[in-house]
Amino acid sequence: SGGFVKSERSCERPNVQFHFLPTYLKDHGRKVMAGYGYTLHICDLMPRSRGFIGLKSPDPLADPLIQPNYLSNPEDIKTMISAVKFGRRIL
C-alpha cells in the first residue's frame, strides 16, 4: 500500500510518497531477509538536487558515468527529515 503527503503545510500539493510493504527487505527488495517485519520506502517526488549522466570512456559499450547527487540540495534533506518523522507517526 502507499500514500502521498505534504512534507510541509505550505506545499501546494503532496511532495512525498510512501510505499508500505508487509515484508522485511534490504537493498530495495533485491534481498529478502528471514523473519517477520515491514518496510516503509519514502520518496521525495520533487527533489531539487540535480545529478548528471556522462561518458566514462570513448568505448560505446562501457557503463555510463552516473552521479545522482542525492540530497545535495539542503531543501531535499529538510523534506526527507520531515517525511521520516511523518512516517514514524504513521507506524
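Not measured: the values here are computed from a predicted model.

What about helix α1 (residues 74–90)?
Here comes step 1: The end-to-end C-alpha separation of α1 is 25 Å, in line with the 24 Å expected for 17 residues at 1.5 Å each.
Here comes step 2: Looking only at α1, the buried set comprises Asp76, Thr79, Ala83 and Gly87. Around the axis of α1, the buried residues are gathered within 70° of arc, so they sit on the same side. In α1, the exposed positions that point more than 90 degrees away from the buried face belong to Pro74, Lys85, Arg88 and Arg89.
Here comes step 3: Along its buried surface, α1 packs onto β2 (16–21) and β5 (39–44).
Here comes step 4: Near the N-terminus of α1, the side chain that reaches the backbone nitrogen of Glu75, with its oxygen 2.8 Å away, is that of Asn73.

A short note on the confidence of the model for the chain
Here comes step 1: Per-chain confidence: the chain averages 92 in pLDDT, with 100% of residues scoring 70 or above.
Here comes step 2: Mean pLDDT in the chain bottoms out at strand β4 (residues 31–32), which sits at 75, and peaks at strand β7 (residues 64–67), which reaches 97.

A few points about the pattern of salt bridges
Here comes step 1: A complete count under the given rule lists 2 salt bridges for this structure.
Here comes step 2: Between Glu75 and Arg48 there is a salt bridge whose closest N-O contact spans 3.4 Å. Placement of Glu75 in helix α1 and of Arg48 in the loop between β5 and β6 (52–55) is noted, with a sequence separation of 27 residues between them.

Examining a nonpolar patch on the surface
Here comes step 1: On the surface, Phe20, Tyr38, Ile90 and Leu91 cluster together to form a nonpolar patch covering roughly 400 Å² of accessible area.
Here comes step 2: Structurally, the position occupied by Ile90 is in helix α1.

Re the environment of Cys43
Here comes step 1: Along the chain, Cys43 falls in strand β5.
Here comes step 2: In this structure the C-alpha to C-alpha distance between Cys43 and Gly2, which are 41 residues apart in sequence, comes to 11 Å.

Description of the sheet that holds β2
Here comes step 1: The strand order β1-β2-β5 describes an open sheet built from 3 strands, whose pairing is antiparallel. Each end of this open sheet is capped by a strand with a single partner; those strands are β1 (2–5) and β5. This sheet shows a mean twist of 20° between the axes of neighbouring strands, independent of strand direction.
Here comes step 2: Looking at chain direction, β1 and β2 are connected through 4 bridges and run antiparallel. Paired with Phe4 across the strands is Gln17, a residue of β2.
Here comes step 3: Its contacts with the sheet place α1 against β1, β2 and β5, and it is angled at close to 150° to β5.

Calculation criteria
Every chain begins its residue count from 1, and numbering advances along the sequence as written. In view of the model being predicted, local features appear only for residues whose pLDDT reaches at least 70, and side-chain atom pairs are presented and counted only at 80 or more, with totals across whole chains, interfaces and linings using the full set of residues. Only hydrogens and water are set aside when side-chain values are computed; all heavy atoms of the structure are taken into account. Helix and strand assignments follow DSSP, with helices taken as H or I runs no shorter than four residues and strands as E runs no shorter than two, numbered in order from the N terminus. For a helix, the expected span equals 1.5 Å multiplied by the number of residues minus one. To sort residues, take the accessible area from a 1.4 Å probe on protein chains only and compare it with the maximum for the residue type: under 20% means buried, over 50% means exposed, and anything in between is partly exposed. Regarding the arc, it is the one traced by the directions from the helix axis to the C-beta atoms. Contacts between residues were defined by any pair of non-hydrogen atoms, one from each residue, lying within 4.5 Å. Two N or O atoms form a polar contact when they lie within 3.5 Å of each other; inside protein one atom must be a possible hydrogen donor and the other a possible acceptor, and for residues adjacent in sequence the pair counts only when both atoms belong to side chains. Scored from 0 to 100, pLDDT reflects the predictor's confidence in each residue. A carboxyl oxygen of Asp or Glu within 4 Å of a side-chain nitrogen of Lys or Arg is what we treat as a salt bridge. Patch membership requires more than 30% relative accessible area and the absence of a salt bridge. Residues of like charge join within 9 Å; the nonpolar side chains Val, Leu, Ile, Met, Phe, Trp and Tyr join within 5 Å. Using the Shrake-Rupley algorithm and a 1.4 Å probe, accessible areas are obtained, with residue cover drawn only from the displayed protein chains. For two strands to pair, DSSP has to find at least two bridges joining them. For helices, the axis comes from a line fit to the C-alpha atoms of the stretch in contact; other axes are also lines fit to C-alpha atoms, and the angle between any two N-to-C directions lies between 0 and 180 degrees.

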